[in-house]
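Survey of secondary and tertiary structure
Spelled out from the first residue to the last, the chains are:
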Amino acid sequence: MTIIRQPSLFGIQELYDMEPTQKYEAIISAIDLDRIYHAINKKSRLGAPVELNYAGMIISFFIRYIERIPTIKDLIKRLNDDFIFKMNCGFLVSDATPSEAAYSRLVTKLSGSDILEKSFEKVTLAAIEEGFIADEVIAIDATHFEARDKAPAQKEEKSEIAPKKRGRKSKEERDQYLQEQSEKEANLPLYEKKIKAQLDVLRAEVPMNPKWGVKKNADGKNEYWFGYKGHLAVGASSQYILQSLFSSGSLNDGKAAIALLKGMDQRLPLTSASYQTLDAGYDFEPIYEQIHRMCQQSVIAYNKRNEGEIIGFDKDFAPTCLREHSYKYDSFDPKYETLKYTRPKECSDCPLANEGICQKVYKVKITTDLRRYTAPARGSKAWKNIFKQRTAVERVNAYLKEFYQLNNVRYRTGKRAKVHFDMVALIYNASKLAADRIQAKLIQQQQAA
């Protein structure tokens, strides 16, 4: 009997159980520290000399997230109390421990640059090139986290409301009103317009100040928080973060989806991606249109909005026979973008089957209505299996909150809180890449043995 030797699995938990020196080196080596150092370092020889070890500060700033150190004050205490830890962070014996103000200035420099986003993208591209990201299904969702400060008290200012003029407006007054409304909407920021306005526009400046957000929980009740949202696109099998977006808590989830989709399409060579799966909060026609432009398929839960019953179709928009039995989804023709349905099994002994009334095969193009007709068809077993993989993004959201301190925002402004969000996403992907590299090395060693 042949003995099959199974390769040992090596994940993030095993990586974090390693010795600190090996663990730090594996994770930090996945990040281009030189690029970050040059982005925040002093550009001119003029002025006061730099006395701080910025390289050590950057490494210690990363390690704070790896070791789950809650505050900069605790990080400084650890650097003062643990000599080995200080050396592992890249500081020399002669280096003074940076102050809280020095770390605050570091955060200010990072907030004024997009270097963390570029570093995150470089880590993701490295994972794609090394073959660790080859996902067919990509899941998109948002998670909320609270701001450090409480919401400011709002003063209610009562203003006198002018009484409305009774009766119907004249044609001139109505035309003037419609023109004012169209001008007002045209001058709105991109993320305050309707979602379809983003289809032909590149990513604009996202609102980042903390705001009140609301969403329904599992019991159908509204949950409120004051803070931010993190929008993620995650590979369903690899569980890498492919795109991320930081925003105010009040931003609608659907308004962030097109920016994530365009980012994947324009910046990442995801040749294996075929499906985008999202929950009912993203059920908007422009999102289907964007996914279709990417030559991919939408697997999005349907959100019924005061829509009446469609005669001749079931709840999943499959055609029905005269006895209201649903046709069965058979296949999808990518060349003609056509769904094929076959006659229901109940029609085999139906007296109307041979009367020429019921069709044996029913075909419909998905471009007839991208929201209703998806490939695979709604309600089919294949559709449900793909939609189940959406839980990958929920697991990643839970990891970021529980193990990477996403909930632990220590900054007061949205611009600085974005540094915290970008650091969390970068450290997570770097940890995934480090674990996958070690796993691949172990497999090579086992195969060579």
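Scroll up for the structure.
First, a word on scope: everything that follows refers to the structure included in this document. Along each chain, residue indices are assigned from 1 in the same order as the chain's sequence is written. This being a predicted model, a pLDDT of at least 70 is required before a residue's local features are given, and a value of 80 or more before pairs of side-chain atoms are given or counted; all residues contribute to the totals for chains, interfaces and linings. For the side-chain quantities, the full set of heavy atoms in the structure was used; hydrogens and water were omitted.

1. So, the packing of aromatic side chains
Here a pair means two rings of Phe, Tyr or Trp (six-membered ring of Trp) with centres within 6.5 Å. Their orientation is stacked below 30 degrees between planes, edge-to-face above 60, and tilted elsewhere. In this structure the tally under the stated criterion is 15 aromatic pairs. Taking 5.8 Å as the distance between ring centres and 40 degrees as the angle between the ring planes, the aromatic pair formed by Phe 246 and Phe 421 counts as tilted. One end of the pair, Phe 246, is in strand β4 (residues 241–248); the other, Phe 421, is in helix α14 (residues 414–448), with 175 residues separating them in the sequence. Each of the two residues, Phe 246 as well as Phe 421, counts as buried. Each member of the aromatic cluster is reached from another via a ring pair, and the members are Phe 145, Tyr 228, Phe 246 and Phe 421. Here the basic side chain of Arg 64 rests over the ring of Tyr 65, its NZ or CZ set 5.0 Å away from the ring centre. Numbering of helices and strands runs from the N terminus, with a helix taken as a DSSP run of H or I at least four residues long and a strand as a DSSP run of E at least two residues long. Three exposure classes are used, based on accessible area relative to the maximum for each residue type with a 1.4 Å probe and protein chains only: buried under 20%, partly exposed in between, and exposed over 50%. Note on criteria: charge over ring means Lys NZ or Arg CZ within 6 Å of the ring centre, with the direction from the centre no more than 35 degrees off the ring normal.

2. What to know about the side chain of Lys 23
Mapped onto the secondary structure, Lys 23 falls in helix α2 (residues 20–28). According to the relative accessible area criterion, Lys 23 is buried, its value standing at 6%. The contact partners of Lys 23, leaving out residues within four places of it in the chain, are Leu 15, Tyr 16, Met 18, Ile 66 and Glu 67. In this analysis, two residues are considered to be in contact whenever any of their non-hydrogen atoms come within 4.5 Å of each other.

3. Observations regarding the pattern of salt bridges
A pair is scored as a salt bridge if a Lys or Arg side-chain nitrogen falls within 4 Å of a carboxyl oxygen belonging to Asp or Glu. Summed over the entire model, instances satisfying the criterion amount to 18 salt bridges. Note that Lys 122 and Asp 32 form a salt bridge whose closest N and O atoms lie 2.8 Å from each other. You can see Lys 122 sitting in helix α8 (residues 115–129) and its partner Asp 32 sitting in the loop between α2 and α3 (33–40), a full 90 residues away along the chain. By relative accessible area, Lys 122 is classed as partly exposed at 40%. We note a salt bridge from Lys 315 to Asp 316, for which the minimum N-O separation is 3.3 Å.

4. A look at the packing of helix α7 (residues 100–111) against α14
Axes here mean lines fitted to C-alpha atoms, for a helix over just the part in contact, with angles spanning 0 to 180 degrees between N-to-C directions. Put simply, α7 and α14 touch, their axes get as near as 9 Å, and they point 90 degrees apart. Comparing the axis directions of α7 and α14 gives the class roughly perpendicular. Contacts from Ser 104, Val 107, Thr 108, Leu 110 and Ser 111 of α7 reach α14 at Lys 415, Arg 416 and Val 419. Residue classes in the contact of α7 with α14 are distributed as three nonpolar, three polar and two charged. In what follows, roughly perpendicular refers to angles from 65 to 115 degrees, roughly parallel to angles under 35, roughly antiparallel to angles over 145, and oblique to any angle outside these ranges. Residues are sorted three ways: Asp, Glu, Lys and Arg are charged, Ala, Val, Leu, Ile, Met, Phe, Trp, Tyr, Cys and Pro are nonpolar, and all the rest, Gly among them, are polar.

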